[in-house]
Amino acid sequence: AQSVAQPEDQVNVAEGNPLTVKCTYSVSGNPYLFWYVQYPNRGLQFLLKYITGDNLVKGSYGFEAEFNKSQTSFHLKKPSALVSDSALYFCAVGGGSNYKLTFGKGTLLTVNP
Amino acid sequence: GAGVSQSPSNKVTEKGKDVELRCDPISGHTALYWYRQSLGQGLEFLIYFQGNSAPDKSGLPSDRFSAERTGGSVSTLTIQRTQQEDSAVYLCASSLRGFGDTEAFFGQGTRLTVV
């Protein structure tokens, strides 16, 4: 069965500093990897995805993520955090034998001014 | 419509009553998912529909939960004899293809409160 781990429940960074939100996955076959963001009292929004090709993928709002096959990781990064980036971030994996999207438990990112 | 639509947006029900939650996916999307998000928790997978294939019901927490998707479009999630632990936000999502390689678009959710 496929699974996603987000080892940090919370991440705190200062505005202007780089941020990283960690994600590791387990799936048979080629993984399809996604990041979503949930702002307070709003629905989940797609940020970026890795399907194939370059290991570094760029998405919305200046976010990027790096696919690392050997470490089975897909960490979300941003060079300079904004207070408005504060939200709940979810990593998800698709593919495998049953194609459904499996989500991690989420990481609450707080960017302090 | 332009996005995934869920109704009602809020539902308060008495313990033991049945409820139906509706999801209108994006037109042309073949895959449809239901998830549940409890306060402070992640997304719990409930059920997955892909085209005409048999749905993946592996996430349904009990036989009180069921879902159907009519005509490959609208889906209804039914919870029978609701319990307080069923209180959560129920999220529906659809994606263009069902191979897990296209992003899912989420509705705003139905907040269910069982009193």
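One can find the structure itself at the top, above this paragraph.
Residues numbered from 1 in each chain as written. Chains lettered and ligands numbered in written order. Predicted model: local features only at pLDDT ≥ 70, side-chain atom pairs only at ≥ 80, totals over all residues. Heavy atoms only, no water.

1. Observations concerning the overall build of chain B
Reasoning step 1: Helix and strand counts for chain B come out as zero helices and 10 strands.
Reasoning step 2: Start at the N end of chain B and walk to the C end: the helices and strands fall as β-β-β-β-β-β-β-β-β-β.
Reasoning step 3: A principal-axis box enclosing the C-alpha atoms of chain B has dimensions of 40 × 25 × 25 Å.
Reasoning step 4: Counting all 115 residues of chain B, 51% fall into the buried class.
Reasoning step 5: Contacts in chain B between residues far apart in sequence, at least 24 positions, make up 55% of those at least 6 positions apart.
Reasoning step 6: Working note: accessible area of chain B is about 5,500 Å², and carbon and sulfur atoms make up 46% of it.
Reasoning step 7: Here chain B carries 11 positive and 12 negative side-chain charges, and the mean point of each set is 3 Å from the other. (Helix = DSSP H or I, 4+ residues; strand = E, 2+ residues; numbered from the N terminus. Buried < 20%, exposed > 50% of the residue type's maximum accessible area, 1.4 Å probe, protein only. Contact = heavy atoms within 4.5 Å. Areas by Shrake-Rupley, 256 points an atom, 1.4 Å probe, with all protein chains shown as cover. Lys, Arg positive; Asp, Glu negative; His and termini not counted. Charge placed at Lys NZ, Arg CZ, Asp CG, Glu CD.)

2. Side note on the side chain of His75 of chain A
Residues and elements named next belong to chain A.
Reasoning step 1: Note on placement: His75 falls in strand β9 (residues 73-78).
Reasoning step 2: A polar contact of 3.0 Å, which involves the side chain of His75, links it to the backbone nitrogen of Cys23.
Reasoning step 3: Leave out the neighbours within four places in its chain, and His75 touches Thr20, Val21, Lys22, Cys23, Thr24, Trp35, Glu64, Ala65 and Glu66. (Polar contact = N/O pair within 3.5 Å; in protein donor to acceptor, adjacent residues only side chain to side chain.)

3. Some points on the side chain of Ser73 of chain A
Residues and elements named next belong to chain A.
Reasoning step 1: Within the secondary structure, Ser73 sits in strand β9.
Reasoning step 2: Of the residues examined, Ser73 reaches a relative accessible area of 4% and is grouped as buried.
Reasoning step 3: For Ser73, the contacting residues outside a window of four places in its chain are Cys23, Thr24, Tyr25, Glu66, Phe67 and Asn68.

4. Concerning the interface of chain A and chain B
Reasoning step 1: Each partner contributes to the interface: chain A provides 21 residues, whereas chain B provides 21 residues.
Reasoning step 2: The three residues of chain A that bury the most area against chain B are Tyr99, Lys100 and Leu101 of chain A, which together make up 32% of that side's buried surface.
Reasoning step 3: For the pair chain A and chain B, the interface holds one salt bridge.
Reasoning step 4: The shortest N-O distance in the salt bridge between Glu103 of chain B and Lys49 of chain A comes to 2.9 Å.
Reasoning step 5: Remark: the boundary between chain A and chain B carries five residue pairs in polar contact (both at pLDDT 80 or more). (Buried area = accessible area lost by both parts, 1.4 Å probe. Salt bridge = Lys/Arg side-chain N within 4 Å of Asp/Glu carboxyl O.)

5. Some details on the pattern of salt bridges
Reasoning step 1: Counting across every chain of the model gives seven salt bridges over all chains.
Reasoning step 2: With a closest N to O distance of 2.8 Å, Lys78 of chain A and Asp85 of chain A form a salt bridge.

The quantities given are spatial measurements derived from coordinates; they are silent on function.
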